[in-house]
Amino acid sequence: MSRYVIKRLLLLIPIMLAVSFIVYFIIDFAPGDVVDIIAGNEMSEQHKQIMREEMGLNDPLPFRYLRYMAGLLRGDLGISYVTNKDVFDVYMMRLPATLQLATACTVVALLIAIPLGINAAVHQNSWIDSCSTVLGLLGISIPIFWLGLMMILVFSLNLGWFPSIGNDSPLSIVLPAVTVGVGQAALIMRTTRSSMLEVIRQDYLRTARAKGASEKAVIRKHAFKNALIPILTVIGTQYGAALGGAVVTETVFAWPGVGRLMVDSINNRDTQMVTGAIILTTMLSSVVILLIDLAYAFVDPRIKARYMKRGDNLGRK
Amino acid sequence: MEENSVIFDSGLTASKKYKKRSQISEIWHNFKKNKGAVLGLIVLAIIIVTSLIANFVIDYDTKIIRQVVSERLQGPSTKHFFGTDQYGRDIFLRILYGARYSLAIGFLSVMVSLAIGGVLGIIAGYVGGVVENIIMRLCDVFSSIPSLLLAICISTAFGASTLVLMFSVGIVSVPAFARVARAAVMTVVDSEYIEAARAAGATKMRIMFTHILPNSLAPIIVQVTMRVGSAITTASSLSFLGLGVPTPAPEWGGMLSESRAFIRDYSYMTMFPGIAIVITVLSINLIGDGLRDAMDPKLKR
Amino acid sequence: MNDKNLVLNIENLVVHYETEYGTVKAVNGIDLKLEKKRSIGLVGETGAGKTTTALAILRLIPDPPGVIKSGLIMLDGESILKKNTKELEEIRGKDVSMIFQDPMTALNPVFTVGEQIAESILLHEDVSKSEANERAKEMLELAGIPGHRANDYPHQFSGGMKQRVVIAIALACHTKLLIADEPTTALDVTIQAQVLELMNNLKEKYQTSLLMITHDLGIVAEICDEVAVMYAGRIVEKGTLTDVFNKTKHPYTEGLFNSLPNINDRKAKLKPIPGLMPDPTNLPIGCSFSTRCTYATDICREKKPNPRWINDTHMVECFAYDDPAFHIMRREK
């Protein structure tokens, strides 16, 4: 199995290189560059050009990119043009806040989604099911930023229960976590429901009932474990999305995380910071996905067998 | 010869008691049974009609853009159903007008995804080999970048405008469509019923149209409906961040961005555009869900 | 038949499925008695109502849409239809067990076979986990699978071996009645023989009664003492092996025997039964078989025949035998 893990980790490298390539070129294409941002309107054009020379920004794009790549391969992500601090350090400073948020959201989401999803599947077509379906659809129809604003309006401005910005107090995480958690819960619930519905039809549940197992045991023990795989997938992708897409939430709640860092860097044309941050975030979500894929092996022995068999079958299509 | 022939009689005629429907009317029949889906369809129809006639009924320059300082920041009233914003513009009219942006961006961006992703996926599934590998690895790379970030990057690079917004939201979904298209092509091409059709003497064209196409369509249609809803929310998120449709256009996300500063005392400004987004996306999702249930033969009760 | 000696007593069982396309009359009043330690084969084509009958005994008919409209089901003297859920859960797997047709899907892929056998034991007997696991291993050995494979998962076994595991699960608690629904249909013929032999041995060892559902008369001949032939939800003929095989009475049974190719007469043409089983939502007014019966007369199409007892053990439902001189073409042996 370690062969499988190593293969997956090695595969990350070309992906990261490709990602860096794409992002670097796209950002570079944007009008204006970091000098414009730092210098502002006061500096003369000549002065700006001198700055660009010094920073090496006037070199042709392929040249700059290769320089960047060289640094990348050494493990050096460069220095933020704006803050002059090491990209890696800046990112790492902001990462814990984002991790906290992502984890809190996922916990909230799971607590809501899994019981609802199982119930909806077991009582298919009843009013419980219809309600859950509508709630689920509602959850993915509400834009996160608007939900955040509404939450702030009700719970912070009107009721004053929770703070609306920053992460100073332990209560600060509640509103953002619930905001994102609800949206995540919707997708996890739908996946739980459809996965359970698939499993509920299976013959081995009939065998379990014929053994005299109680309906509760049939659903919780026999059915759920089999339904887990797609649910784990969704949890993984949601967590990865929360890591990178927390941009909007962090904007609304002024949460000092990585998402906000990236948007600011994009606006500042801080190519080094953006590329570095996106690479790191992508790496992080890829690791999360890898962990989920490993989790599959613990749930479904057939997948475990597949991983052990030949390292070249990576289980994904 | 009598002894050899098998007589099919009462068994078959008895089962003709309930009507057999064509595939499409079967789907429609199942769809109709889903009350939520039908409701979504009605609401969406209303929204579409509104967006189509808005241009003719409401004058853009006077009602949507013009700033009337004397009327600014009024709460909902009979004159202004949803109140006015900080520039005195009627929010209700702006929301009605804004439907055009959301619907257009939603549908067109998905068309972009479908066109690019669908073609890539079909090529990958049909041709296979190195081409398939390259396409799939590219998809992996693009989908490992968190989608909102990718859209933000593209929008930043090419400037904030409706067109760019459509494109960047569309690009984000390309990998998903490519995968679905490829999977659909692959499963159908390998199916036993294709072999059976070939064994029975069907020509390649006939196989393509009567077997492969209808069966590949269903997952693609489902993806399309699912993605339109999320395209609209993503687009409004981008506008909220200032990277979408530029002001003063009455796009719902942009309206929400502007309303932030006034949330404490003029909360109605924040409520209504958001509700508009929710209703629109919810109806689309209800339709999509209903379509998916209606098209899945396994779920026939 | 002495009622005390009956492990299974079904009287006038009626089971319908209420669907949006109409009411499917799956089982239309059947009587079935099985003595302890005996085995009976329930024979018929697909759709005859055999599986529904079996599921009814375990009260596993999906409800909705299935409804047990009327009847009596006594398992070792206790009425099944009067039991509540908890009591049924105690009975299933312990007093009556069922094994199903497709071994490939009958086992839960995420648990080891040992765990699945042990679960049956743990559900019904007050033993420790380790003891249950030990007994599970023993059952596995009895079923012809090495005990150390108890820690393997279902996907690591072949179809035949999976079916052995299924049998091991069913008999783990030494059940009184084993219902087997086409247990060998999905298996190769050679494996079929092995599985049947296993069932026979375990049946002897634990003195279990057997209700064998099958469409294969050969299997009935090998493993059963009695036969009941089912058609369109009714038992049209039943009796001992000798009664039904050698002194066949019902035209449908005759048709079943005729459908078997005769290895001794290679030149003879195949003789299928003409027509199809009637639509269960729209059964004929008279005898359900009248539409395909070569001996049918007017009364057959107008009224339903009642059970007629030829002797103590042999029953047939057919108007033709109102005429004492009547006999079908298949002669007594």
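Residues numbered from 1 in each chain as written. Chains lettered and ligands numbered in written order. Predicted model: local features only at pLDDT ≥ 70, side-chain atom pairs only at ≥ 80, totals over all residues. Heavy atoms only, no water.

Describing the overall build of chain B
For chain B, the helix and strand inventory stands at twelve helices and zero strands. Order of helices (α) and strands (β) in chain B, N terminus to C terminus: α-α-α-α-α-α-α-α-α-α-α-α. Counting every position in chain B, which comprises 301 residues, the buried fraction comes to 48%. Long-range contacts, defined here as pairs at least 24 residues apart, represent 69% of the contacts in chain B between residues at least 6 apart. (Helix = DSSP H or I, 4+ residues; strand = E, 2+ residues; numbered from the N terminus. Buried < 20%, exposed > 50% of the residue type's maximum accessible area, 1.4 Å probe, protein only. Contact = heavy atoms within 4.5 Å.)

What to know about the overall build of chain C
Check the secondary structure of chain C and you find eleven helices and twelve strands. Relative to the 2.2 N^0.38 estimate, which gives 20 Å for 333 residues, the radius of gyration of chain C is 21 Å and therefore close to what a compact globule would have. Within chain C, the proportion of its 333 residues that are buried is 55%. Counting contacts in chain C only where the partners sit at least 6 residues apart, residues at least 24 apart contribute 65% of the total. Total accessible area on chain C stands at roughly 15200 Å², and carbon and sulfur atoms take up 50% of it. Each charge class in chain C was averaged separately, 39 positive and 45 negative side chains, and the resulting centres sit 4 Å apart. (Rg over C-alpha atoms; globule rule 2.2 N^0.38 Å. Areas by Shrake-Rupley, 256 points an atom, 1.4 Å probe, with all protein chains shown as cover. Lys, Arg positive; Asp, Glu negative; His and termini not counted. Charge placed at Lys NZ, Arg CZ, Asp CG, Glu CD.)

Thoughts on the sheet that holds strand S6 (residues 96–99) of chain C
Residues and elements named next belong to chain C. The strand order across the open sheet built from eight strands is S6-S7-S8-S3-S9-S10-S12-S11, with neighbouring strands paired in mixed fashion. In this open sheet, the two edge strands, each paired with only one partner strand, are S6 and strand S11 (308–309). Bridge count for strand S7 (residues 177–181) against strand S8 (residues 209–214) is five bridges, and the pairing is parallel. Considered in S8, the bridge of Ala-180 is made with Met-212. (Pairing = 2+ DSSP bridges.)

Here's the deal with the interface of chain A and chain C
Across the boundary between the two partners, chain A contributes 20 residues, which contact 23 residues of chain C. Each partner contributes to the roughly 2000 Å² buried at the junction of chain A and chain C, and carbon and sulfur atoms together form 61% of this total. Applying the counting criterion to the chain A and chain C interface returns two salt bridges. The shortest N-O distance in the salt bridge between Lys211(A) and Glu119(C) comes to 2.8 Å. Across the contact surface, chain A and chain C share eleven residue pairs in polar contact (both at pLDDT 80 or more). Elements with a minimum of two residues in the side of chain A that touches chain C: helix H9 (203–211), helix H10 (215–245) and helix H14 (301–309) of chain A. Ranked by residues supplied to the side of chain A that touches chain C, first place goes to H9(A) with seven residues. (Buried area = accessible area lost by both parts, 1.4 Å probe. Salt bridge = Lys/Arg side-chain N within 4 Å of Asp/Glu carboxyl O. Polar contact = N/O pair within 3.5 Å; in protein donor to acceptor, adjacent residues only side chain to side chain.)

Quick look at the sheet that holds strand S5 (residues 78–79) of chain C
Residues and elements named next belong to chain C. Read across the sheet, four strands follow the order S2-S1-S4-S5 without closing on themselves; strand pairing throughout is antiparallel. Every interior strand has two partners, whereas the edge strands, strand S2 (22–35) and S5, have only one. Where strand S1 (residues 6–19) lies against strand S4 (residues 66–75), eight bridges are found, and the strand directions are antiparallel. Its bridge partner being in S4, Leu-8 is matched across the sheet by Leu-75. Lying on the sheet, helix H1 (residues 50–57) is in contact with S1, S2 and S4; it crosses S1 at an angle near 115°. (Axes fitted to C-alpha atoms, helices over the stretch in contact; angles between N-to-C directions.)

Let's talk about the confidence of the model for chain C
Of all residues in chain C, 98% have pLDDT values of 70 or greater, and the mean over the chain is 88. In the predicted assembly, ipTM is 0.83 and pTM is 0.75. (pLDDT = per-residue confidence, 0-100.)

Quick notes on the nonpolar core
Counting 105 residues, the largest nonpolar core has Leu8(C), Ile179(C) and Met199(C) as its most contacted members. Broken down by element, the residue count for this core peaks at seven residues, all from helix H6 (residues 159–171) of chain C. Once you skip the residues sitting within four places of it in the chain, Met199(C) turns out to touch Ile99(C), Ile167(C), Leu178(C), Ala180(C), Pro183(C), Leu210(C), Met212(C) and Ile223(C). One finds Val248(A), Leu150(B), Ile154(B) and Ala235(B) within the second-largest nonpolar core, a separate group that totals 104 residues. (Core = buried A, V, L, I, M, F, W, Y, C linked by side-chain atoms within 4.5 Å.)

Section: the pairing of strand S9 (residues 226–231) of chain C
The two faces of the sheet receive side chains in turn, since in a regular strand these alternate between them. Residues and elements named next belong to chain C. The element S9 is extensively covered by neighbouring structure, given that six of its six residues are classed as buried. Because side chains alternate across S9, one face comprises the buried residues Glu-226, Ala-228 and Met-230, and the other comprises Val-227, Val-229 and Tyr-231, equally buried. Two elements, strand S3 (residues 39–43) and S9, share four bridges in a ladder whose sense is parallel. In the sheet register, Leu-42 faces S9, and the bridge partner there is Ala-228. Pairing of S9 with strand S10 (residues 234–240), which is carried by six bridges, proceeds in the antiparallel orientation. Within S10, the position partnered with Ala-228 by the bridge is Lys-238. Count of turn residues in the S9/S10 antiparallel hairpin: two residues, of which Ala-232 carries a positive phi of about 45°.

Let's talk about the interface of chain A and chain B
Of the residues lining the interface, 45 residues belong to chain A; the matching set on chain B comes to 42 residues. The contact between chain A and chain B buries some 3900 Å² in all, and 75% of this surface belongs to carbon and sulfur atoms. At the junction of chain A and chain B, the tally comes to one salt bridge. A salt bridge links Asp289(B) to Arg190(A), with the nearest nitrogen and oxygen atoms 3.3 Å apart. The residue makeup of the side of chain A that touches chain B, split by class, is 28 nonpolar, eleven polar and six charged. (Nonpolar A, V, L, I, M, F, W, Y, C, P; charged D, E, K, R; others polar.)

Structural notes on the side chain of Thr184(C)
Structurally, the position occupied by Thr184(C) is in the loop between S7 and helix H7 (189–206). Thr184(C) gets classed as buried once you look at its relative accessible area, which sits at 2%.

Here we look at the packing of helix H1 (residues 2–29) of chain A against helix H13 (residues 271–299) of chain A
Residues and elements named next belong to chain A. At a closest axis distance of 9 Å, the pairing of H1 and H13 adopts a crossing angle of 150°. The orientation of H1 relative to H13 falls into the category roughly antiparallel. In terms of crossing hand, the pair formed by H1 and H13 is right-handed. Along the lines of polarity and charge, the residues of the contact of H1 with H13 split into 17 nonpolar, five polar and two charged. (Parallel < 35°, antiparallel > 145°, perpendicular 65-115°, else oblique. Left-handed = near helix turned anticlockwise from the far one by under 90°.)

Some points on the side chain of Lys50(C)
All names here are of chain C. Secondary-structure assignment places Lys-50 in helix H1. Buried Lys-50, no salt bridge; nearest opposite-charge side chain is Glu-182, N-O distance 4.0 Å. Polar contacts involving the side chain of Lys-50 include one to the main-chain carbonyl oxygen of Gly-44, which spans 2.7 Å.

Structural notes on the confidence of the model for chain B
Note that predicted coordinates carrying low pLDDT should not be read in detail. Of all residues in chain B, 79% attain a pLDDT of 70 or more, and the chain-wide mean is 77. The secondary structure element of chain B with the lowest average pLDDT is helix H1 (residues 10–15) of chain B, at 38, and the one with the highest is helix H12 (residues 268–295) of chain B, at 87.

Concerning the state of the cysteines
Residues and elements named next belong to chain C. Under the defined criterion, the tally for this structure stands at zero disulfides over all chains. Residue Cys-318 stays outside any disulfide, its sulfur separated by 6.0 Å from that of Cys-300, the closest cysteine. In this structure Cys-318 comes out as buried when scored by relative accessible area, which is 11%. (Disulfide = S-S within 2.5 Å.)

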